[in-house]
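# Results of the structural survey
Residue strings, one per chain:
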Amino acid sequence: MKNLATKFENLTIQSDFIFKKVMSRKRICIHLLEELLQIKIADISYFEAEKSLEPDYASRGIRLDIIVADDKNTHYNLEMQVNNTKNPDTKNYVLPKRTRYYQALMDIDLLQKGQDYDLLPPTYIIFICIFDFFAKGNYVYTFKKHCLEDLDLELPDEATTMILNTKGTYGNISKDIKSFYDYVNNHIINSDFTRQIDDEISYLKLDSKVRREFMLLEARLLDERREGKAEGKAEGIAEEKLATAKRLLNMGLSVQDVAKGTSLSVEQVENLKAEQK
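Residues numbered from 1 in each chain as written. Predicted model: local features only at pLDDT ≥ 70, side-chain atom pairs only at ≥ 80, totals over all residues. Heavy atoms only, no water.

Turning our attention to the overall build of the chain. Across its full length, the chain carries nine helices and eight strands. The burial tally for the chain puts 39% of its 277 residues in the buried class. Contacts in the chain between residues far apart in sequence, at least 24 positions, make up 57% of those at least 6 positions apart. Surface summary for the chain: the accessible area is close to 17200 Å², and the carbon and sulfur share equals 50%. (Helix = DSSP H or I, 4+ residues; strand = E, 2+ residues; numbered from the N terminus. Buried < 20%, exposed > 50% of the residue type's maximum accessible area, 1.4 Å probe, protein only. Contact = heavy atoms within 4.5 Å. Areas by Shrake-Rupley, 256 points an atom, 1.4 Å probe, with all protein chains shown as cover.)

Next comes the structure, spelled out in structure tokens:
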């Protein structure tokens, strides 16, 4: 618990937990969106923060940090992305297809059964990255669908993906977005906007309910990781036993001897033997 308390005290805006809490303050979230998109937003409504979208029991669910809709029914998903993660099996970076998956699940959640497709509202998937994914130096990378045969022709599906690069050095962004980047990167407070954010984080850290929520969340995640490791270890042992049993059967040992040597049941060994025929 002491380690968790220290971890809580050291949390910054880069933490998903703190980012979600800060962006749950309307004035901050609205100002960030207005400055980023150079639009005016009268009001926003929040959907469940860190919402879980699971369209089918066989599909992979996701946890979204912040989902809001403005007064014109444009929906925004804001995500803080600290690590440029690779799939250890394919060695591919996961961010591009992660944005694709987020967009797909968000659309499924926004369209009710029986509704026409044209009722899908405009959406923005916005990843705030603490790294330059494309290594081009841009402050912002904005993606829409264009025709390869005519790049001036845009598919009007009203779906936009934005990859923000807090390490960027090139492009046109407002002073408040630049100050937000500085705050995310180095905790530099050089504007009223970042002062508001920093004050909000200070208030959060003084709130005993927020502290307790964080500790419970971390404890639950730790338990899940431990359970996952235990399950993985148990599965590994089981697979090793089955492989050993197959080798022993191939060597001509009886079902009973293989069962004794591997601690598998006679029935399990008999099934393995039947599969080998």
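The next subject is helix 2 (residues 16-23). Most of helix 2 sits inside the fold, with seven of its eight residues counted as buried. Looking only at helix 2, the buried set comprises F17, I18, F19, K20, K21, V22 and M23. The opening residue of helix 2, the one whose side-chain oxygen lies 3.2 Å from the backbone nitrogen of F17, is S15. (Polar contact = N/O pair within 3.5 Å; in protein donor to acceptor, adjacent residues only side chain to side chain.)

Roughly 410 Å³ of volume is contained in the second largest pocket. As for the second largest pocket, its lining consists of 16 residues, and the residues nearest its centre are P96, T99, R100, F143 and T161. Sorting elements by how many residues they give to the lining of the second largest pocket places helix 4 (residues 95-110) first, with seven residues. Taken together, the residues that form the lining of the second largest pocket break down as eight nonpolar, four polar and four charged. (1 Å grid on protein atoms, 1.4 Å probe; cavity = no way out; pocket = protein on both sides within 12 Å on 5 of 7 lines; lining within 4 Å. Points joined across faces, edges and corners; volume = space filled by probe spheres on them. Nonpolar A, V, L, I, M, F, W, Y, C, P; charged D, E, K, R; others polar.)

The next thing to look at is the nonpolar core. Within the largest apolar cluster, 44 residues are counted, with the highest numbers of intra-cluster contacts made by I13, V22, M23, I126, F180 and I197. Broken down by element, the residue count for this core peaks at seven residues, all from helix 3 (residues 26-37). Not counting chain neighbours up to four residues away, the residues in contact with V22 comprise I13, I28, I197, E200, I201 and L204. Counting residues in each nonpolar core, the second largest holds 12 residues, with I67, L110, Y141 and I163 among its members. (Core = buried A, V, L, I, M, F, W, Y, C linked by side-chain atoms within 4.5 Å.)

Another aspect to go through is the packing of aromatic side chains. All chains considered together, the criterion is met by 10 aromatic pairs. Aromatic pair F134 and F143: ring centres 5.4 Å apart, planes at 45 degrees, arrangement tilted. Residue F134 is classed as partly exposed on the basis of its relative accessible area, which comes to 32%. You can call F143 partly exposed: its relative accessible area is 37%. Here Y139 and Y181 contribute two aromatic rings whose centre-to-centre distance is 6.1 Å and whose plane-to-plane angle is 50 degrees, an arrangement assigned as tilted. Linking Y139 in the loop between strand 6 (123-129) and strand 7 (140-143) with Y181 in helix 5 (residues 175-186), this pair joins segments that are 42 residues apart in sequence. Aromatic ring contacts, followed pair by pair, group Y93, F133, F134, Y141 and F143 into a single cluster. (Phe/Tyr/Trp six-rings, centres within 6.5 Å; stacked < 30°, edge-to-face > 60°.)

Another aspect to go through is the packing of helix 3 against helix 6 (residues 192-206). Relative placement of two packed helices is described by the angle separating their axes and the distance separating the axes. With their axes 11 Å apart at the nearest point, helix 3 and helix 6 run at an angle of 145 degrees to one another. Of the two possible hands of crossing, helix 3 and helix 6 adopt the one that is left-handed. Each of R27, I28, H31 and L32 in helix 3 lies in contact with helix 6, whose residues at this interface are F193, Q196, I197 and E200. Of the residues contributing to the contact of helix 3 with helix 6, the split by class is four nonpolar, two polar and two charged. (Axes fitted to C-alpha atoms, helices over the stretch in contact; angles between N-to-C directions. Left-handed = near helix turned anticlockwise from the far one by under 90°.)

Okay, the confidence of the model for the chain next. Considering every residue of the chain, the mean pLDDT works out to 86; 86% of them sit at 70 or more. Long-range and interchain partners of residues 49-62, a stretch whose pLDDT sits below 50, account for 31 contacts in this model, where long-range means more than four residues apart. (pLDDT = per-residue confidence, 0-100.)

So, on to the environment of C129. Within the element layout of this structure, C129 appears in strand 6. Taking relative accessible area as the criterion, C129 reaches 0% and is therefore assigned buried. For the pair C129 and K167, spaced 38 residues apart in the sequence, the C-alpha separation amounts to 8.4 Å. Among residues more than four places away in sequence, those in contact with C129 are Q81, L95, I163, L164, N165 and T166.

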